[in-house]
Amino acid sequence: MTTTASTPARRERWRRISRSPLAHLLLAVIVLALVQTFVIKPFQVPSESMSPTLESGDRIIASRVAFGLASPGPGDVVVFARPDTWGPAPERGVLRTAVGWIGDIVGFGPSNQDALVKRIIGVPGSTVRCCSAQGQLEVDGQPLAEGYVFNDLPFTPGVNDCTTTPVSPRCFAPVLVPSGEYLVMGDNRANSADSVIACRGGPATAPDCARFVPRDDMIGVVVAIVWPLNRARVVAPG
């Protein structure tokens, strides 16, 4: 008798909860968190290193699903968590951390995740060097046609190249990409603190100069710019 009497009361209680604006808000937050964890996640471009492909302040969407369907590949523009070898994360106060925690959940506002954006040049097992006689980046001995590069470092064949003194700052010795890691560079080549920033300057560069991005630090591949509206577009691999 008690069970029968309490059933309508329980139903009424759940009905009130389901109609509550607070319950709707909580459900929306949970859905947003799940979508950002497993499907897509918005980010804000932190610097000018990918200009003009991505400008500082652009709001972008990174697909997490893409890396579940295929491995990161050459030309992909990727978001990744700053590896330890790339320097310390910026310090944040309590208030900034709290605001960032909310931003990480809902996808808007500041984030506590120290994420960077670059383009994949070298995949595990590949060898990257610069430059060819014409100043092109080479992967496994093949020159790349990099139409996306802006503001490249100076290189003039026979005047300022990899054989002259001084050597062109564009040059660096062959770098072998380790298993499970990736070599990334910025499209704004002369203004990018990327994988080979410490390698540039000639063939005598130390063999361990490069810093790579482990696969586990990859968050997603950039698929679109969503803000500002006048820059909104799909971002295709290079």
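So, here is what we can say about the structure in this document. (Residues numbered from 1 in each chain as written. Predicted model: local features only at pLDDT ≥ 70, side-chain atom pairs only at ≥ 80, totals over all residues. Heavy atoms only, no water.)

## Side note on the nonpolar core
Within the largest apolar cluster, 20 residues are counted, with the highest numbers of intra-cluster contacts made by I121, V128, L137, F172, V175, L183 and C199. Counting residues per element, the ones that place at least two in this core are β5 (127-130), β6 (137-139), β8 (172-176) and β9 (181-185). Ignoring any residue separated from it by four or fewer positions in sequence, one finds L137 in contact with I121, V128, R129, C130, Q142, P143, L144, E146, F172, M185 and R189. Core analysis: the second largest hydrophobic core is formed by 14 residues, I60, V222, I225 and V235 among them. (Core = buried A, V, L, I, M, F, W, Y, C linked by side-chain atoms within 4.5 Å. Buried < 20%, exposed > 50% of the residue type's maximum accessible area, 1.4 Å probe, protein only. Helix = DSSP H or I, 4+ residues; strand = E, 2+ residues; numbered from the N terminus. Contact = heavy atoms within 4.5 Å.)

## Regarding the side chain of T164
As for its position among the elements, T164 is in the loop between β7 (142-143) and β8. Under the relative-accessibility criterion, T164 is labelled buried at 13%. Among the polar contacts made by the side chain of T164, one reaches the main-chain carbonyl oxygen of P166 at a distance of 2.9 Å. Setting aside residues no more than four positions away along its own chain, T164 makes contact with G158 and V159. (Polar contact = N/O pair within 3.5 Å; in protein donor to acceptor, adjacent residues only side chain to side chain.)

## Some points on unusual backbone geometry
Residue P52 is bonded to the preceding S51 through a cis peptide linkage, with omega at 0°. Assignment of secondary structure puts P52 in the loop between β1 (40-44) and β2 (59-63). A cis amide bond, omega 5°, links W227 with the succeeding residue P228. Positioned with a positive phi, D140 is a non-glycine residue whose angle comes to about 55°. Looking at the element boundaries, D140 is found in the loop between β6 and β7. Owing to a relative accessible area of 49%, D140 belongs among the partly exposed residues under this scheme. In the Ramachandran plot, N151 falls in the positive-phi region, its phi being about 55° despite a non-glycine side chain. Counting through the fold element by element, N151 comes out in the loop between β7 and β8.

## As for the state of the cysteines
In the structure shown here, the tally under the stated rule is 3 disulfides. Sulfur-sulfur distance for the disulfide between C162 and C171 comes to 2.0 Å. Here the S-S torsion is close to -95°, and the disulfide linking C162 with C171 is therefore left-handed. A residue is classified by how much of its surface remains accessible, and C171, at 1% relative accessible area, is buried. Across the disulfide from C199 sits C209; the S-S distance is 2.0 Å. Looking along the S-S bond of the C199-C209 disulfide, the torsion reads about 110°, which is the right-handed sense. Pair noted here: C199 is in the loop between β9 and β10 (213-214) and C209 is in the loop between β9 and β10, with a separation of 10 residues, a long-range link. Given the relative accessible area of 0%, C199 is considered buried. On the basis of relative accessible area, C209 is assigned to the buried category, the value being 18%. (Disulfide = S-S within 2.5 Å.)

## Some points on the environment of S49
Along the polypeptide, S49 turns up in the loop between β1 and β2. Sequence-wise, S49 and G186 are 137 residues apart; in three dimensions their C-alpha atoms are separated by 5.2 Å. What S49 contacts, discounting residues up to four positions off in sequence, is V117, K118, G186, D187, N188, N191 and S192.

## Some words on the pattern of salt bridges
All chains considered together, the criterion is met by 6 salt bridges. Note that R231 and D58 form a salt bridge whose closest N and O atoms lie 2.8 Å from each other. Of the two residues, R231 sits in the loop between β11 (218-227) and β12 (233-234) while D58 sits in the loop between β1 and β2, which places them 173 residues apart along the sequence. You can call R231 partly exposed: its relative accessible area is 22%. Looking at D58, the relative accessible area reads 2%, which means it is buried. (Salt bridge = Lys/Arg side-chain N within 4 Å of Asp/Glu carboxyl O.)

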